[in-house]
Amino acid sequence: MIPPFNDNLTRFVMERAAVRGAVVSLDAAYREILGCHAYPSGLRRLIGETLAAVCLLANSLKFQGSLILQLHGAGTLRLLVVECDASLSLRATAQWEGPITDDALLSDLAGDVRASRLVLTLDPKDGGPLYQGVVALEGTSIAALLEHYLAKSEQIESRLWLRAADGRACGLLLQRMPGATDVDAAMWGRAAAAVDAAPAAFGAADAHALLGFLFPGDDVRAFRARSPRFGCSCSRQRVAGALRLLGSAEVESILAERGRIGVDCEFCNRRYEFDPAEARALFDAPPAAVH
Ligand SMILES: [Zn+2]
């Protein structure tokens, strides 16, 4: 049975051309992420589009760690962070200052392109080195920026369509594989034009209906759907590590002012509390290693 669109991601290939892609729908995952903070609606849309994009990119990478997109803006939007790990666990957070209109474009929100930047980080999560790519904020949408990034850094011609509205974020990624023939070029042009011409296709009930609607008569093979979901990797242990980095003097000054330490996870809003004894114990010398 084909699962209806409900937090799923389906990868597909065109059997007769070197074109591949994936389609994603984020439903409860998107709504749960939005539920963590009171975001204005123009920002909710941008977060949804970015979640769908990062989920599609993370799935297309042959990589077992996390993909993190960080947008440092110089306009109303100060920071947007969206993270997706290899199991398609997603989380997001944003910081903004001032009003955001419902139809605000990314370029309106991020402000001066010379002062803002988008950083993509691949974190292997095994202590190995991070890979970071910086994308110039030249483009009015997340889709345009990431298409440009994929063409430059991955050498893969890509098209990305993103939609977020009414508690649902969805996206479609099309990629033209290297070694393309004339047949592939024709298929690539036709496939991209079909998606451009049919924005309503994103209202389809499931991935197969959407692909059948967009590419009727083409031999499209869809793979088993994966299930993206909301998940936060925060933990008391990580907060303890951050407090140790902050240093004993700073922690003592917070204790003097507030009596205890309270840290809220900026992604999921979970609160971690440390009473004075627990906070001071973080700076005790570690027990000697047993030989
Ligand atoms: Zn969290």
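Treat the numbers as computed from the prediction; the structure is a model and nothing was measured. (Residues numbered from 1 in each chain as written. Predicted model: local features only at pLDDT ≥ 70, side-chain atom pairs only at ≥ 80, totals over all residues. Heavy atoms only, no water.)

Concerning the pattern of salt bridges
On inspection of all chains with the given rule, the structure shows 19 salt bridges. A salt bridge links Glu-157 to Arg-176, with the shortest nitrogen-to-oxygen separation between them at 3.3 Å. Taken together, the residues span a long stretch of sequence, with Glu-157 in strand 8 (residues 157-165) and Arg-176 in strand 9 (residues 168-176) at a distance of 19 residues. What makes Glu-157 partly exposed here is its relative accessible area of 40%. Taking relative accessible area as the criterion, Arg-176 reaches 21% and is therefore assigned partly exposed. Residues Arg-236 and Glu-278 are paired through a salt bridge, measuring 3.5 Å at the closest nitrogen-oxygen approach. One end of the pair, Arg-236, is in helix 7 (residues 236-246); the other, Glu-278, is in helix 9 (residues 276-281), with 42 residues separating them in the sequence. (Salt bridge = Lys/Arg side-chain N within 4 Å of Asp/Glu carboxyl O. Helix = DSSP H or I, 4+ residues; strand = E, 2+ residues; numbered from the N terminus. Buried < 20%, exposed > 50% of the residue type's maximum accessible area, 1.4 Å probe, protein only.)

So, the coordination of the zinc ion
Binding of the zinc ion to the protein goes through Cys-232 (SG), Cys-234 (SG), Cys-265 (SG) and Cys-268 (SG), at separations of 2.2 to 2.3 Å. Each of the 4 donor atoms around the zinc ion contributes to a set of angles spanning 104 to 117 degrees, which defines the coordination as tetrahedral. Written as a sequence motif, the donor residues of the zinc ion are C-x1-C-x30-C-x2-C. With Cys-234 in the loop between strand 11 (229-230) and helix 7 and Cys-268 in the loop between strand 12 (261-264) and strand 13 (271-274), the pair connects residues that are 34 residues apart, well separated along the chain. (Donors = N, O, S within 2.8 Å, 3.2 Å for Na, K, Ca; no water. Tetrahedral: all angles 85-135°; square planar, octahedral: opposite > 155°, others 65-115°.)

Quick word on the nonpolar core
By size, the foremost hydrophobic cluster in this structure holds 51 residues, and its most contacted members are Ile-47, Leu-51, Leu-71, Leu-118 and Ile-142. In terms of residue count, helix 2 (residues 41-60) provides more of this core than any other element does, 11 residues in total. Sequence-distant contacts of Leu-71, defined by excluding residues within four places in its chain, comprise Leu-77, Arg-78, Leu-79, Leu-80, Leu-106, Ala-110, Arg-117, Leu-118, Leu-137 and Ile-142. (Core = buried A, V, L, I, M, F, W, Y, C linked by side-chain atoms within 4.5 Å. Contact = heavy atoms within 4.5 Å.)

Describing the domain arrangement of the protein chain
Split into domains, the protein chain comes out as domain 1 (8-230) and domain 2 (236-281). Using only C-alpha atoms to locate each centre, domain 1 and domain 2 end up separated by 35 Å. Between domain 1 and domain 2, a total of about 640 Å² is buried, with carbon and sulfur atoms accounting for 53% of that surface. Interface area lost by domain 1 to domain 2 is led by Cys-36, Arg-91 and Thr-93, which between them contribute 53%. There are 0 salt bridges connecting domain 1 and domain 2. Counting across the interface, domain 1 meets domain 2 through 3 residue pairs in polar contact (both at pLDDT 80 or more). The leading source of residues in the side of domain 1 that touches domain 2 is strand 5 (residues 89-96), at 4 residues. (Domains from an automatic or database assignment. Buried area = accessible area lost by both parts, 1.4 Å probe. Polar contact = N/O pair within 3.5 Å; in protein donor to acceptor, adjacent residues only side chain to side chain.)

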